[in-house]
Amino acid sequence: MAGFQVFNRTTGDHFTCQEGQSVLKAMEQLGMKCVPVGCRGGGCGFCKIRVLEGDFECGKMSKVHAPPEAVEKGEVLACRIYPRTDLTIECVPLPEAALAKQTTTKPLR
């Protein structure tokens, strides 16, 4: 099975992503924590990255978190992209409101 090298410009790390494997799955298998992980299905937007170089195939992603104009600029969800070539990526920080929502717990009654 062919693998593609993914270079993470944010952290300086690089890793191999197997053909047909999502970038997020490859990161998780290696214990890398570049992006927060949410639903793993393209709906929550937590694992947003920017692809700076390389070609990839997109799976279905929420248009709220990855609208077509953002995808054209390489802003995609790591859980739903599959490399076709070696990639250079960078992590996109979540807005503070999304981070707060992720860590907020329900008040005790």
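Residue indices begin from 1 for each chain and proceed along its sequence in written order. Only residues with pLDDT of at least 70 get local features here, since the model is predicted, and only at 80 or more are side-chain atom pairs given and counted; chain-wide, interface and lining totals rely on the full set of residues. Side-chain metrics in this entry use all non-hydrogen atoms of the structure; hydrogen atoms and water are not considered.

### A short note on the overall build of the protein chain
Then comes step 1: In this description a helix means any DSSP run of H or I spanning at least four residues, a strand means any run of E spanning at least two, and both kinds are numbered starting from the N terminus. Looking only at helices and strands, the protein chain has three helices and seven strands in total.
Then comes step 2: The order of α-helices and β-strands along the protein chain, N terminus first, is β-β-α-β-β-α-β-β-β-α.
Then comes step 3: Buried, partly exposed and exposed residues are distinguished by accessible area as a fraction of the type maximum, computed with a 1.4 Å probe on protein chains only: under 20%, between the cut-offs, and over 50%, respectively. Every one of the 109 residues in the protein chain was classed for burial, and the buried ones make up 37%.
Then comes step 4: In what follows, a contact means two residues having at least one pair of non-hydrogen atoms within 4.5 Å. Put simply, 58% of the contacts in the protein chain that link residues at least 6 apart link residues at least 24 apart.

### Some words on the pairing of strand E2 (residues 14-18)
Then comes step 1: The alternating pattern of E2 places Phe15 and Cys17 on a buried face and His14, Thr16 and Gln18 on a face that is not buried.
Then comes step 2: Between strand E1 (residues 3-8) and E2, which pair antiparallel in sequence order, lie five residues; one of them, Gly12, sits at a positive phi of approximately 85°. Two strands pair if DSSP finds at least two bridges between them.

### Brief notes about the side chain of Asn8
Then comes step 1: Position of Asn8 among the secondary structure elements: in strand E1.
Then comes step 2: A polar atom in the side chain of Asn8 sits 2.9 Å from the backbone nitrogen of Thr10.
Then comes step 3: Those residues within four positions of Asn8 in sequence are excluded, and the remaining contacts are Asp13, Cys34, Ile89, Glu90 and Cys91. Under this definition, polar contacts are N or O atom pairs within 3.5 Å; protein pairs additionally need one hydrogen-donor-capable and one acceptor-capable atom, and for neighbouring residues in sequence, both atoms have to be side-chain atoms.

### Some points on the pattern of salt bridges
Then comes step 1: By definition, a salt bridge exists where a carboxyl oxygen of Asp or Glu is found within 4 Å of a side-chain nitrogen of Lys or Arg. Going through the model one piece at a time under the given rule, you end up with five salt bridges.
Then comes step 2: Here Glu28 ties to Arg40 by a salt bridge, and the two come within 2.7 Å at their closest N and O atoms. With Glu28 in helix H1 (residues 23-29) and Arg40 in the loop between H1 and strand E3 (48-53), this residue pair connects regions lying 12 residues apart in the sequence.
Then comes step 3: Residue Arg40 is classed as partly exposed on the basis of its relative accessible area of 49%.
Then comes step 4: A salt bridge links Arg50 to Glu90, with the nearest nitrogen and oxygen atoms 2.5 Å apart. Of this pair, Arg50 sits in strand E3 while Glu90 sits in strand E7 (residues 87-91), placing them 40 residues apart in sequence.
Then comes step 5: For Arg50, a relative accessible area of 24% gives the class partly exposed.
Then comes step 6: Accessibility expressed as a relative area gives 21% for Glu90, which makes it partly exposed.

### Some remarks on the side chain of Glu75
Then comes step 1: The residue Glu75 is located in strand E5 (residues 75-77) in this model.
Then comes step 2: Here the side chain of Glu75 touches Arg50 through a polar contact of 3.2 Å, side chain to side chain.
Then comes step 3: Setting aside chain neighbours within four positions, we find Glu75 in contact with Ile49, Arg50, Ala66 and Ala70.

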